[in-house]
Amino acid sequence: MNLKKYRYYAPEFFAFIALLTLCLLLEWYSLVKFEKSFISYDNLVINVARQVSLNAIIACGMAFAILSGGIDLSVGSIVAFSGVITASLVKNHPVAPGWAGYSVAIAAGLCVGTACGFLNGLIVAYTKIPPFVATFATMSVARGSAYVFTNGTPISGLPAAFNEVGKGYLRLTESWRIPIPVLLWLAVFFACWFLLMRTRFGRYACAIGNNVDTVRLAGINVRKVYIKIYMLVGLCSGISGVAQCGRLSSGQPTAGLNWELDAIASVVIGGGNIAGGRVTIFGTLIGALIIGVINTGLNMLGMLYYNQLIVKGFVMIIAVLLRSGLNRES
Amino acid sequence: MPDLEKRSDYILEMKDISKFFFGNRALENVHIEIEYGEVHALVGENGAGKSTLMKILSGAYSKDSGEIILDGAPADIATPQDSQTLGISIIYQEFNLIRGMSVSENMFLGREPRTMFGTIDSKRRNEEARKWLDRVSVKFKPTDLVQDLSSAQAQFVAIAQALSKGAKLIIMDEPTASLTTKETETLFDLIRDLKSQGISIIFISHHLDEIFEICDRVTVLRDGLYVDTSKVSDIDKDSLIRMMVGRELSNEFPPRMALPGEPLLEVKDMSRQDVLSDIRFHLRKGEILGIYGLVGSGRTELVRALYGADRRDNGDIALGGAPVEIRSPHDGIKHGFGFLPEERKLQGVILGMSVANNVTLAAMDKITRYLMIDEREELKNTEHFVHSLNIKTPSAHTVVQTLSGGNQQKVVVAKCIFTDAEILIFDEPTRGIDVGAKYEIYVLMNELTKSGKSIIMISSDLPEIIGMSDRVLVMWEGRITGEFDRAKTPLSQEAIMKAAAGEVAA
């Protein structure tokens, strides 16, 4: 077979090994300390996966931005903005009763997210403003809009039926159930994987991150690709925002604060190159799970949230160090 | 200085200098001697070894063998710092100045005068700078920002900086490339002035007229070998050109078999302000049209405008008699142009992606079914090219970065052909490629034209232009100054060189 191809996926492989190692360590600790298994369906899917799902959805979009050599800092603010729009349409201005109305509200939330992404894409494609700065500005605008729209107070008391999008389960049997956010994550994961591996759009995004001049000379409309990339990130953030709204039973203008950091961390820990040109969706999934397992594990160890932030920072440095070390060898 | 007596007739002697890159000769047993207070020209075609020799002198490269004698004493130059300490300064084409800083800040970067507190003494620095700037007689102030200066003025700053470091020998690499005629005159006045102060200058230029105007002696290199040194007053331009190109064309090139057919492409009145003016030419089916010109003559700009990669102010492009509109590379590809750019690694290939991904990049619609990439189709097409162009790669999935330069270039050719291009624009197709691979590229070009494709080839390599082209256009300062048809008269290196130096051919 093709050894080169295997070597290409080495960073993902190592991330996967790291994830397994973490799980086994925690399994051991958990068995000794609590006489309870860490590696169980309930813990990994209901607990860890659900906890990271909404951020992992954003990470899937972020993967494309980073792949193309850019970044999107506005994702957390888009979560809030699209969330409060959805919440408002569900509660204060229902277009229709029941799920008909919810659907419109959800669609509106997704549209708001995509529109914010479109704005990012326009700036990146048509100006020389770097993505870092463009999305930094949008981050402020979207967050501000969420505050203005809600006057700074959460839109709470959403109907229980709607909250299912964030809190609910798909019940397969009595004991087997999948959280809705995890299902959303899987759907977004497969869609993004397909986009990256099987469509021209994914190929172009990767090519742009490698060498934009060559792509331009190949007659490809680079601007269009940029706009699509940031619209995709916006859409993912919108999906996440709507689900977060259900999870919190309210539209919070403070939702998604600092989420861009975890999304970027997922991509990088999963083996993506922060400078662009090489990112995988599968690696991003692993990266998100590693973050989830670390969070859960540190909780289990009884570590305070504040200390967890410090640990997470170090993990990221180690992940990137390992990666650049790998690069130098090859 | 205790020893005021000259220990030698020469300030610099370089003896038997050799330098090989991966077994390829860059220099072999080259020698050059520079007298005190002399302006010495160093000439030769692109790739003759001028830059390598100067880089050895300035410490950027290390020599494989040979000896450097400075002021009569053997000099050991291992780093650029060494050469500076020994009083050698090189003024590069792209001046090593920081645009956002002032003239004096640049001149004393890293050796700023300090106050008693250890902070930078700007006042003294500006005074010092003023002193040296006066010596090159310029009007601007030490506090002016470099970005506000013209390129001529920036060059004067670089020279003043060299003098302030105690330079006795200044190397000027194509100093007039970006200067106007008037600025060139000012520079020459300065050179004469420096000369009278006993400073020696090595002057590298493609502009032969300048050599006859300002230089005392000239040393000619060719293919990494020493040809001759002579007094400028003893020779004329024709003999100088003969020395530069002297070699006979051996069987470096496969014989041209293809016979050009009827005219295919017609370009009229193409222009772009300050870059191209009044460009008109045609291209016949199955023809290789060579475009020769010195760096900055507008050849790359011309083909980029043709392909749609650069804008143009005017210009009608007609294919088979029908006018076409080309405003972007997308238009160019649509109308059957394929472009192999000069900077292979920066613009030709995507180094981090596979051979297959590179080959199909510009025509992905051909391998897309129902919005999905058909990877089997992609592989099939790539393998076809790997076979027909003889691309040496372990597999179609191999990352292009790991291929040799010649094979990377073939990947770019495959990419162009996969877009169904009929007119292939090759900008320096063999630059940075070793000799054997060059021959393969030439054979490939012959086969392409035999199959009915037409090629526009830009090259700085005169033998290559003559060995491969059916017809040659020569450019100088954005205009076409000569057209030579092999079917009418044999292509002459001298005539092409003259046209490239701005003499309009009869």
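Treat the numbers as computed from the prediction; the structure is a model and nothing was measured. (Residues numbered from 1 in each chain as written. Chains lettered and ligands numbered in written order. Predicted model: local features only at pLDDT ≥ 70, side-chain atom pairs only at ≥ 80, totals over all residues. Heavy atoms only, no water.)

(A) Structural view of the pattern of salt bridges. Going through the model one piece at a time under the given rule, you end up with 39 salt bridges over all chains. Note that A:Arg216 and A:Asp213 form a salt bridge whose closest N and O atoms lie 3.5 Å from each other. Here A:Arg216 and its partner A:Asp213 are both found in helix H10 (residues 212-217), three residues apart, which amounts to about one turn of the helix. On the basis of relative accessibility, which here comes to 41%, the residue A:Arg216 falls in the partly exposed class. When the shortest N-O distance is used, the salt bridge between B:Glu377 and B:Arg369 registers 4.0 Å. Exposure remark for B:Arg369: the relative accessible area of 35% places this residue in the partly exposed category. Salt bridges here are not isolated pairs; linked through shared partners, they connect B:Arg284, B:Glu287, B:Arg471 and B:Glu483. (Salt bridge = Lys/Arg side-chain N within 4 Å of Asp/Glu carboxyl O. Helix = DSSP H or I, 4+ residues; strand = E, 2+ residues; numbered from the N terminus. Buried < 20%, exposed > 50% of the residue type's maximum accessible area, 1.4 Å probe, protein only.)

(B) Spatial organisation of the packing of aromatic side chains. Counted by the stated rule, this structure contains 14 aromatic pairs over all chains. For the ring pair A:Tyr29 and A:Phe34, a centre distance of 6.4 Å and an interplane angle of 75° mean the geometry is edge-to-face. Each ring, one from A:Phe189 and one from A:Phe190, has its centre 5.1 Å from the other, and the planes form 70°; the classification is edge-to-face. An aromatic cluster is built from A:Trp99, A:Tyr102 and A:Phe162, whose rings are joined through pairwise contacts. When the ring centre of B:Phe418 is taken as reference, the NZ or CZ atom of B:Lys366 above it lies at 4.3 Å. (Phe/Tyr/Trp six-rings, centres within 6.5 Å; stacked < 30°, edge-to-face > 60°. Lys NZ or Arg CZ within 6 Å of the ring centre and 35° of its normal.)

(C) Layout of helix H8 (residues 180-198) of chain A. The end-to-end C-alpha distance of H8(A) is 26 Å, a good match for the 27 Å that 19 residues give at a rise of 1.5 Å each. On its buried side, H8(A) packs onto helix H3 (41-67), helix H7 (160-167), strand E3 (177-179), helix H9 (200-210), helix H11 (222-247) and helix H13 (281-300) of chain A. (Expected span 1.5 Å × (residues − 1). Contact = heavy atoms within 4.5 Å.)

(D) Up close: the interface of chain A and chain B. The partner chain B presents 33 residues to the 22 residues of chain A that form the contact. Summing both partners gives a buried area of about 2,200 Å² for chain A against chain B, and 59% of it is carried by carbon and sulfur. Here chain A is connected to chain B by two salt bridges. Residues A:Arg198 and B:Glu375 are paired through a salt bridge, measuring 3.1 Å at the closest nitrogen-oxygen approach. Linking chain A with chain B are twelve residue pairs in polar contact (both at pLDDT 80 or more), by the criterion used here. Within the residue set of the side of chain A that touches chain B, elements represented by two or more residues are helix H1 (3-8), H8, H9 and H10 of chain A. Per-element accounting of the side of chain A that touches chain B gives the leading share, six residues, to H9(A). Its residues assigned to classes, the side of chain A that touches chain B shows nine nonpolar, six polar and seven charged. (Buried area = accessible area lost by both parts, 1.4 Å probe. Polar contact = N/O pair within 3.5 Å; in protein donor to acceptor, adjacent residues only side chain to side chain. Nonpolar A, V, L, I, M, F, W, Y, C, P; charged D, E, K, R; others polar.)

(E) Layout of the environment of B:Ile417. Residues and elements named next belong to chain B. The topology assignment puts Ile417 in helix H14 (residues 405-418). The spacing of Ile417 and Ala363 is 54 residues in sequence and 9.7 Å in space, taken between C-alpha atoms. With near-sequence residues (within four places) excluded, Ile417 lies in contact with Phe385, Leu389, Leu448 and Lys453.

(F) Quick look at the nonpolar core. Counting 196 residues, the largest nonpolar core has A:Trp185, B:Ile159, B:Ile170, B:Leu265, B:Phe281, B:Leu306 and B:Ile456 as the members making the most contacts within it. Looking at this core, the element that brings in the most residues is H3(A), giving 14 residues. Among all residues touching B:Phe281, those that are not within four sequence positions of it are B:Leu265, B:Glu266, B:Val267, B:Leu289, B:Leu302, B:Leu306, B:Ile456, B:Leu473 and B:Ile480. If you look at the next biggest cluster of nonpolar residues, it comprises 24 residues, including B:Ile11, B:Leu12, B:Val30 and B:Ile202. (Core = buried A, V, L, I, M, F, W, Y, C linked by side-chain atoms within 4.5 Å.)

(G) Just the sheet that holds strand E15 (residues 322-324) of chain B, in detail. All names here are of chain B. Within the open sheet, the four strands sit side by side as E12-E11-E14-E15. Their pairing is antiparallel. Looking at which strands have only one partner, the edges of the open sheet turn out to be strand E12 (276-284) and E15. Recorded for the sheet is a direction-independent mean angle of 20° between the axes of neighbouring strands. Relative to strand E14 (residues 314-319), strand E11 (residues 263-272) runs antiparallel, the two being bridged by five bridges. Across the sheet, the residue bridging to Ser271 is Asn314, located in E14. Strands E11, E12 and E14 of the sheet are contacted by helix H9 (residues 299-307), whose axis makes an angle of about 70° with E12. (Pairing = 2+ DSSP bridges. Axes fitted to C-alpha atoms, helices over the stretch in contact; angles between N-to-C directions.)

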